[in-house]
Amino acid sequence: FLFGARSLFIFVMVSVTSHLVASMQMAKVFKPPVHAHSHSSPQFAATSQYVVNALDFHAAADVLVASRDDDTIRIYNTNTGNFVAELGLKKYGCSLVRFTHHHASVLHASNKEVGGDTEAVEKSHALRYLSLHDNQYLQYFYGHVQKVTSLDMAPMNDLFMSSSEDRSVRLWDLRKNKSVDVIATGPHPVAAYDRQGLVFAVGGPGGNVKLYDVRSYKKPFAVFQVPADRLQTVNAMAWGVTPDNVPCTRVKFSMDGKALLLSFDGAWVMLDAYEGKVKAAASTRGENDDMSPGSALTEASLSPDGKYVVAGCADRRIRAWSHDNADPMQPLQPFATFDGHAGVPRCVKWAPRRLLMASACSAVALWLPWHVPNS
């Protein structure tokens with residue numbers, strides 16, 4: 001991995017170890033912006049969270065984007081550690097921001113629902129292809145009629161996929177505004193490509209996961225199910241939620257394609273991507289006893305080497321776990337805990353090429369290790 005020193009200009013090659021990960025500290029914090037013109041509702045002003053709903057690093061450039069509930073996208077340079085720009089997207093808002101292959105263009109979904117006829121509903125839930133250079137839309141993608149739950153770009157071409165509460169996964173091409181194909185799903189699906197672009201996964205409630213070949217996706221070639229007792233062991237169920245309907249909020253492949261990481265409201269579970277067996281699982285409730293739905297709705301993230309999992313927790317801390325030699329029948333215990341966020345850090349992401357981590361509640365933080373071996 002490349003490691004950015006405190007100056008964010010000097011780089012050395014290091015091996016990633018649990019000691020190095022445990023030494024990570026906030027190197028830069030970007031406080032939430034104040035918009036006098038945004039959300040004049042007294043109720044919104046009273047809560048005044050303006051939380052970040054998604055983070056994404058570009059695969060090759062030193063750029064990070066954050067979509068926020070105040071209807072803005074903010075751009076950061078992760079080499080210099082500087083804030084670059086803010087783009088306002090007031091009519092439909094923004095969520096699930098994802099880079100395309102170009103560092104100056106992103107895809108995003110809406111976080112608002114505009115009522116009306118079928119056309120208005122489709123516009124409300126359309127996906128949008130945005131140029132960060134001039135804040136102009138390059139394309140709109142119509143088809144979903146309910147909230148979009150996940151968005152992922154294919155790693156090798158201009159295809160991407162989305163899932164929605166309308167019980168569908170749609171496959172798209174950046175050059176066309178209509179979906180290439182539609183896959184019917186159960187309630188609240190989430191979807192993601194593997195990093196080679198050969199397979200995609202569709203996750204559903206209770207940890208049901210279906211794997212599809214990108215060349216032939218009329219039916220899945222594998223179906224996995226997280227055992228109910230594993231979800232109970234890691235305390236994944238909020239009040240009133242049973243093991244078969246606990247929502248899966250994210251599904252991700254490891255970089256080598258050998259593991260699947262599932263995020264839930266209160267836990268994460270790692271599966272063997274070939275056999276579907278549970279490799280490790282952990283709670284993300286931390287020291288918070290709140291079991292209400294959504295209280296621990298955070299996103300787990302794998303380090304690029306696949307050795308470590310990090311996730312925000314309901315007690316406002318971030319925790320790190322090593323799944324090597326984990327007992328799949330017992331909740332995995334973290335080896336490191338990180339403080340610093342004023343709110344629940346719902347988004348945590350590793351940079352793909354550097355030993356750098358980003359996290360966000362209403363503020364965005366960049367993390368670097370403070371104890372680096374001699375080069």
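Here's a quick rundown of the structure. (Residues numbered from 1 in each chain as written. Predicted model: local features only at pLDDT ≥ 70, side-chain atom pairs only at ≥ 80, totals over all residues. Heavy atoms only, no water.)

## Digging into the overall build of the chain
Broken down by element type, the chain carries four helices and 30 strands. When burial is assessed residue by residue, the chain has 55% of its 375 residues classed as buried. Look at the contacts in the chain between residues 6 or more apart in sequence, and 50% of them connect residues 24 or more apart. A total accessible area of about 16,100 Å² is found for the chain, and carbon and sulfur atoms account for 52% of it. (Helix = DSSP H or I, 4+ residues; strand = E, 2+ residues; numbered from the N terminus. Buried < 20%, exposed > 50% of the residue type's maximum accessible area, 1.4 Å probe, protein only. Contact = heavy atoms within 4.5 Å. Areas by Shrake-Rupley, 256 points an atom, 1.4 Å probe, with all protein chains shown as cover.)

## A closer look at the sheet that holds strand β4 (residues 52-57)
Within a sheet, adjacent strands bond to each other through the backbone by hydrogen bonds, running parallel or antiparallel. Pairing is antiparallel in the open sheet, where four strands are placed in the order β4-β5-β6-β7. The sheet is open, and its two borders are formed by β4 and β7 (82-88), each paired with just one other strand. Going across the sheet, the axis of each strand differs from the next one's by a mean of 20°, ignoring polarity. Pairing of β4 with strand β5 (residues 63-68), which is carried by five bridges, proceeds in the antiparallel orientation. Pairing of Phe57 across the sheet is with Leu64, part of β5. (Pairing = 2+ DSSP bridges. Axes fitted to C-alpha atoms, helices over the stretch in contact; angles between N-to-C directions.)

## Looking at the packing of aromatic side chains
What characterises a pair of aromatic rings is the spacing of the ring centres plus the angle enclosed by the ring planes. Scanning all chains against the criterion turns up 13 aromatic pairs. Centroid distance Trp268 to Trp321: 5.5 Å. Interplanar angle 75°. Geometry classified as edge-to-face. Of the two residues, Trp268 sits in strand β22 (residues 267-272) while Trp321 sits in strand β26 (residues 318-322), which places them 53 residues apart along the sequence. Taken individually, Trp268 and Trp321 each receive the classification buried, so the pair is uniform in this respect. Relative to Phe335, the ring of Tyr308 lies with its centre 5.6 Å away and its plane at 65°, an arrangement referred to as edge-to-face. Taken together, the residues span a long stretch of sequence, with Tyr308 in strand β25 (residues 308-312) and Phe335 in the loop between β26 and β27 (336-338) at a distance of 27 residues. Over the ring of Tyr92 we find Arg128, and its NZ or CZ is 4.1 Å from the ring centre. (Phe/Tyr/Trp six-rings, centres within 6.5 Å; stacked < 30°, edge-to-face > 60°. Lys NZ or Arg CZ within 6 Å of the ring centre and 35° of its normal.)

## Quick look at the side chain of His144
By secondary structure assignment, the location of His144 is in the loop between β11 (136-141) and β12 (148-153). Among the residues examined, His144 registers a relative accessible area of 1% and is labelled buried. Side-chain polar atoms of His144 contact the side chain of Ser162, separated by 2.7 Å. A polar contact of 3.1 Å, which involves the side chain of His144, links it to the side chain of Asp166. Ignoring sequence-local partners within four residues, the contact set of His144 consists of Val121, Glu122, His125, Ser162, Ser163, Ser164, Asp166, Ser168, Arg170 and Trp172. (Polar contact = N/O pair within 3.5 Å; in protein donor to acceptor, adjacent residues only side chain to side chain.)

## Thoughts on the pattern of salt bridges
For the structure on display, the rule yields 16 salt bridges. One salt bridge in this structure joins Asp213 and Arg215, with 2.9 Å as the shortest N-O distance. On the accessibility criterion, Arg215 (71% relative accessible area) is exposed. Each of Glu287, Asp315, Arg317, Arg319 and Asp339 takes part in a single network of salt bridges with overlapping partners. (Salt bridge = Lys/Arg side-chain N within 4 Å of Asp/Glu carboxyl O.)

## A short note on unusual backbone geometry
At Asp71, a residue that is not glycine, the phi angle is positive and equals roughly 70°. With respect to the secondary-structure elements, Asp71 resides in the loop between β5 and β6 (72-77). By relative accessible area, which is 3% here, Asp71 ends up buried. Positive phi outside glycine occurs at Asn325, with the angle close to 60°. Relative to the elements of secondary structure, Asn325 occurs in the loop between β26 and β27. Judged by its relative accessible area of 82%, Asn325 is exposed.

## Some thoughts on the sheet that holds strand β20 (residues 248-253)
The strand order across the open sheet built from four strands is β20-β21-β22-β23, with neighbouring strands paired in antiparallel fashion. The open sheet is flanked by β20 and β23 (278-283), the only strands paired with a single partner. Each adjacent strand pair in this sheet contributes to an overall mean axis angle of 15°, direction not counted. When β20 meets strand β21 (residues 259-264), the two strands line up antiparallel, connected through five bridges. Opposite Cys248, over in β21, you have Phe264 as the bridge partner.

## A word on the nonpolar core
Membership of the largest hydrophobic core comes to 24 residues, with the highest contact counts inside it found for Val209, Leu211, Leu260, Leu262, Val269 and Leu271. When residues of this core are traced back to their parent elements, those giving at least two are β16 (190-193), β17 (199-204), β18 (208-213), β19 (222-225), β20, β21, β22 and β23. Of all hydrophobic cores here, the second largest spans 16 residues; its members include Tyr308, Val348, Ala365 and Trp367. (Core = buried A, V, L, I, M, F, W, Y, C linked by side-chain atoms within 4.5 Å.)

## Some thoughts on the environment of Val51
Structurally, the position occupied by Val51 is in the loop between α2 (42-47) and β4. Residue class for Val51 comes out partly exposed when judged on its relative accessible area of 23%. Val51 sits 313 residues away from Val364 along the chain, and the two C-alpha atoms are 9.5 Å apart. The contact partners of Val51, leaving out residues within four places of it in the chain, are Ser67, Arg68, Asp69, Cys361 and Ser362.

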